[in-house]
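Listed below, chain by chain, are the residues.
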Amino acid sequence: MSADPGIASTTDEERLAQLGYKQELHRRLSGFSNFAVSFSIISILAGAITSYGIAMTAGGPMAITLGWLFVGIMVTFVALAMAEVCSAYPTAGALYWWAAALAKRNKAAWAWFIGWFNFLGEVAVTAAIDFGAAITTSAFLSLAFDMEVTTGRTFLIFLVIIVVHGLLNTFGVNLVRVLSDVSAWWHLVGVAVIVGVLAIVPDQHKPISEVFFEVQNATGFTFAGASVYAVLIGLLMAQYTYTGYDASAHVAEETHDAARAAPRGIVLSVVVSVLAGFVLLFAITWSIQDYEGARTSDLGLPPAQIFIDAVGHDTGTFLLLICMVAQWFCGMASVTANSRMSYAFARDDALPGSRIWKKVNPRTGTPTNSIWLCVTLSALLVLPSLWNTTAYLAATSIAVIGLYIAYVGPVLLRRLNPDFVPGPWNLGRWSAPVGWIAIVWVGVICVLFVLPTASPITASTFNYTIVAVAVVLGAAAIWWFASARKWFTGPKQNLIEKAAHGEQTMPSGND
């Protein structure tokens, strides 16, 4: 690997100063902790479990197992391309900051649109993760304590979960670091336990050939080629799970040796998730006893029914507990990443009330106000689920496409910018092919995941993803042309601002 000598030899604080920022957040995350944050947000025990039913309906075992591997390979290309840019610009602003740095023209506009897709995508992912955790917790409480599952109770559980995540993040990055490290090991050991139990305990398993090649189509579509279409739609299960690994970039200003550790965190979180997730999904699919019974289970969570059918009520409930705890960890890490992105965006005055959201608690070194902004917005996003789950799904559908638009925008700009100077972690001669494959794949999913997912198409089965994307893009565009283009100039260098007010601009060296 080659690198710019000036970038490679600087300290974290010096590099941050070169990018125009004073070290304000406490830099206390190790490389493993950086990886753990992204790995926890991807959370194969969260996304793959809560969205398993999507692929059961559309595509079946083939979409679940081989689909997971295929999407994982494509997402690895995206992660590699993002990581290279992250190494050159290790800032909490991450994606929108990269866009401003790499764009040859209209820098502020690129930063604005990428930033808003990233911000709202992060809020949507946080909402989806914690609501999924509430659904899993409700299923667990139903099995363990015979609690009746209702919409209101599930929403109350969601509120408890997300408030706890806000509090844990408020206490400081040291607690986040410890919990993220525990989370990574919980996921790895948890997967090993679930796989071991599902491999040994069930009296019978599905034939291996069916685990890989059986196709199920319960979408309602019957046209020629509908089965192939169903498999493609079912890839959403994997693509939804593979989100949130930009967290390693957002916590770069809190990570030691960020120019190397943050890009490694991005890539390793995806690669480890691909491998561990495949083993987990193979074991679950291999253990299905009653496919249709699990798909339509009253528990509302097909893997939970698969656990019960395969290993019995008590052991199945224990396996679900492992998943539930993992999902609590996942949501906590998502609030961490979401708040850091919000803090950085506010630091550059891109959010309404930026003066409030960019404040850092001097005692804990955390952007406390931004943390609670993200918690509040995520709770509001889930609120419609009390009346209409379709409204909630429409709001959170921006998570996948919105985030991936933000992910690949800087990658495209990097490919179009011949003056890009690589950081100490880079792809060398593989940079161009990896980058273009990533760009093409995101283009494919932007088309694929706005297509109809069920027939007949009604108000409750319509795929609202295109509406959600259009709303975000339209609102950002209206605000940009009506007002923001007159005052938003892109990332602002707070070193200059603080120096003008007579504040110390050199790091203290204590963190």
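Residues numbered from 1 in each chain as written. Predicted model: local features only at pLDDT ≥ 70, side-chain atom pairs only at ≥ 80, totals over all residues. Heavy atoms only, no water.

## Some details on the packing of helix 8 (residues 107–145) against helix 18 (residues 313–347)
Taken N-terminus to C-terminus, the directions of helix 8 and helix 18 make an angle of 160°; their axes are 8 Å apart at the nearest point. Here helix 8 is positioned roughly antiparallel relative to helix 18, judged by the angle of their axes. Regarding helix 8 and helix 18, the two cross each other, and that crossing is left-handed. Tallied by class, the residues present in the contact of helix 8 with helix 18 amount to 21 nonpolar, 13 polar and two charged. (Axes fitted to C-alpha atoms, helices over the stretch in contact; angles between N-to-C directions. Helix = DSSP H or I, 4+ residues; strand = E, 2+ residues; numbered from the N terminus. Parallel < 35°, antiparallel > 145°, perpendicular 65-115°, else oblique. Left-handed = near helix turned anticlockwise from the far one by under 90°. Nonpolar A, V, L, I, M, F, W, Y, C, P; charged D, E, K, R; others polar.)

## Describing the packing of aromatic side chains
Describing an aromatic ring pair means giving the distance of the ring centres and the angle of the ring planes. The full count for this structure, using the stated rule, is 36 aromatic pairs. Between Phe-35 and Phe-39, the aromatic rings sit 5.3 Å apart at their centres with planes inclined by 15°, giving stacked as the arrangement. Placement of the pair is Phe-35 and Phe-39 together in helix 3 (residues 31–50), with a separation of four residues, close to one helical turn. On the basis of relative accessible area, Phe-35 is assigned to the buried category, the value being 9%. Judged by its relative accessible area of 0%, Phe-39 is buried. On the numbers, 5.6 Å between centres and 65° between planes, the contact of Phe-223 with Tyr-229 is edge-to-face. For Tyr-229, a relative accessible area of 16% translates into the label buried. Every member of this aromatic cluster is reached through a ring pair, and the members are Tyr-96, Trp-112, Phe-113, Trp-116, Phe-119, Phe-345, Trp-479, Trp-480, Trp-487 and Phe-488. Here the guanidinium or amino end of Arg-347 rests over the ring plane of Tyr-21, the centre of that ring lying 3.8 Å away. (Phe/Tyr/Trp six-rings, centres within 6.5 Å; stacked < 30°, edge-to-face > 60°. Buried < 20%, exposed > 50% of the residue type's maximum accessible area, 1.4 Å probe, protein only. Lys NZ or Arg CZ within 6 Å of the ring centre and 35° of its normal.)

## What about the environment of Val-191?
Structurally, the position occupied by Val-191 is in helix 10 (residues 173–200). Residues Val-191 and Met-74 lie 117 residues apart in sequence; the distance between their C-alpha atoms is 23 Å.

## A word on the nonpolar core
Within the largest apolar cluster, 138 residues are counted, with the highest numbers of intra-cluster contacts made by Trp-98, Tyr-245 and Tyr-404. For this core, the leading source of residues is helix 8, giving 17 residues. With residues up to four places along the chain from it excluded, the contact list for Tyr-245 reads Ser-38, Ile-42, Val-75, Val-78, Ala-79, Met-82, Ile-266, Ser-269, Val-270, Tyr-404 and Tyr-407. One finds Ala-133, Ala-134, Ile-157 and Val-335 within the second-largest nonpolar core, a separate group that totals 14 residues. (Core = buried A, V, L, I, M, F, W, Y, C linked by side-chain atoms within 4.5 Å. Contact = heavy atoms within 4.5 Å.)

## A closer look at the pattern of salt bridges
Overall, the coordinates contain eleven salt bridges when judged by the stated rule. Among the salt bridges present, the one from Arg-27 reaches Asp-12, with a minimum N-O distance of 3.9 Å. Within this pair, whereas Arg-27 is found in the loop between helix 2 (12–18) and helix 3, its partner Asp-12 is found in helix 2, the two being separated by 15 residues in sequence. Residue classification places Asp-12 among the buried positions, given a relative accessible area of 18%. (Salt bridge = Lys/Arg side-chain N within 4 Å of Asp/Glu carboxyl O.)

## What to know about the packing of helix 17 (residues 302–311) against helix 18
Where helix 17 meets helix 18, the axes come as close as 7 Å, and the angle between the chain directions of the two elements is 145°. For the pair helix 17 and helix 18, the crossing hand works out as right-handed. Across the interface between the two elements, Ala-304, Phe-307, Ile-308 and Val-311 of helix 17 pack against His-313, Thr-315, Gly-316, Thr-317, Leu-319, Leu-320 and Cys-323 of helix 18. Its residues placed into classes, the contact of helix 17 with helix 18 shows seven nonpolar, four polar and no charged.

## Things to note about the environment of Val-123
As for its placement among the helices and strands, Val-123 is situated in helix 8. Between the C-alpha atom of Val-123 and that of Cys-374, which follows or precedes it by 251 residues, the distance is 6.3 Å. Setting aside residues no more than four positions away along its own chain, Val-123 makes contact with Asn-338, Leu-377, Ser-378 and Leu-381.

## A word on unusual backbone geometry
Cis peptide bonds are those with omega within 30 degrees of zero, and the linkage from Ser-455 to Pro-456 qualifies with 0°. With respect to the element layout, Pro-456 can be found in the loop between helix 23 (431–448) and helix 24 (465–487). Phi is positive for Asp-257, which is not a glycine, with a value near 55°. For Asp-257, the position within the fold is in the loop between helix 14 (247–250) and helix 15 (258–286). You can call Asp-257 partly exposed: its relative accessible area is 34%.

## Observations concerning the confidence of the model for the protein
Averaged over every residue, the pLDDT of the protein is 89; the share at 70 or more is 93%. No element of the protein has a lower mean pLDDT than helix 1 (residues 5–9), at 46, and none a higher one than helix 5 (residues 61–64), at 98. Counting contacts from residues 496–511, a segment whose pLDDT is below 50, to residues more than four positions away or on other chains yields 16 contacts. (pLDDT = per-residue confidence, 0-100.)

## Comments concerning the state of the cysteines
By the definition in use, this model includes zero disulfides. Free of any disulfide, Cys-86 has its nearest cysteine sulfur in Cys-374, 19 Å distant. Not engaged in a disulfide, the cysteine Cys-374 finds its nearest cysteine sulfur in Cys-330; these two sulfurs lie 15 Å apart. Assessed through its relative accessible area of 1%, Cys-374 is described here as buried. (Disulfide = S-S within 2.5 Å.)

## Comments concerning the side chain of Thr-219
Locating Thr-219 in the fold gives a position in the loop between strand 2 (216–217) and helix 12 (226–234). A polar atom in the side chain of Thr-219 sits 2.5 Å from the side chain of Asn-217. Sequence-distant contacts of Thr-219, defined by excluding residues within four places in its chain, comprise Thr-57, Ala-58, Ala-230, Thr-453, Ala-454 and Ser-455. (Polar contact = N/O pair within 3.5 Å; in protein donor to acceptor, adjacent residues only side chain to side chain.)

## A closer look at helix 17
Spacing of three or four residues puts side chains on the same side of an α-helix, whose turn is 3.6 residues. Within helix 17, nine of the ten residues are buried, which leaves the element mostly enclosed by the surrounding structure. Listed as buried for helix 17 are Pro-302, Pro-303, Ala-304, Gln-305, Ile-306, Phe-307, Ile-308, Ala-310 and Val-311. Looking one or two residues beyond helix 17, the residue adopting positive phi is Gly-312, at roughly 95°.

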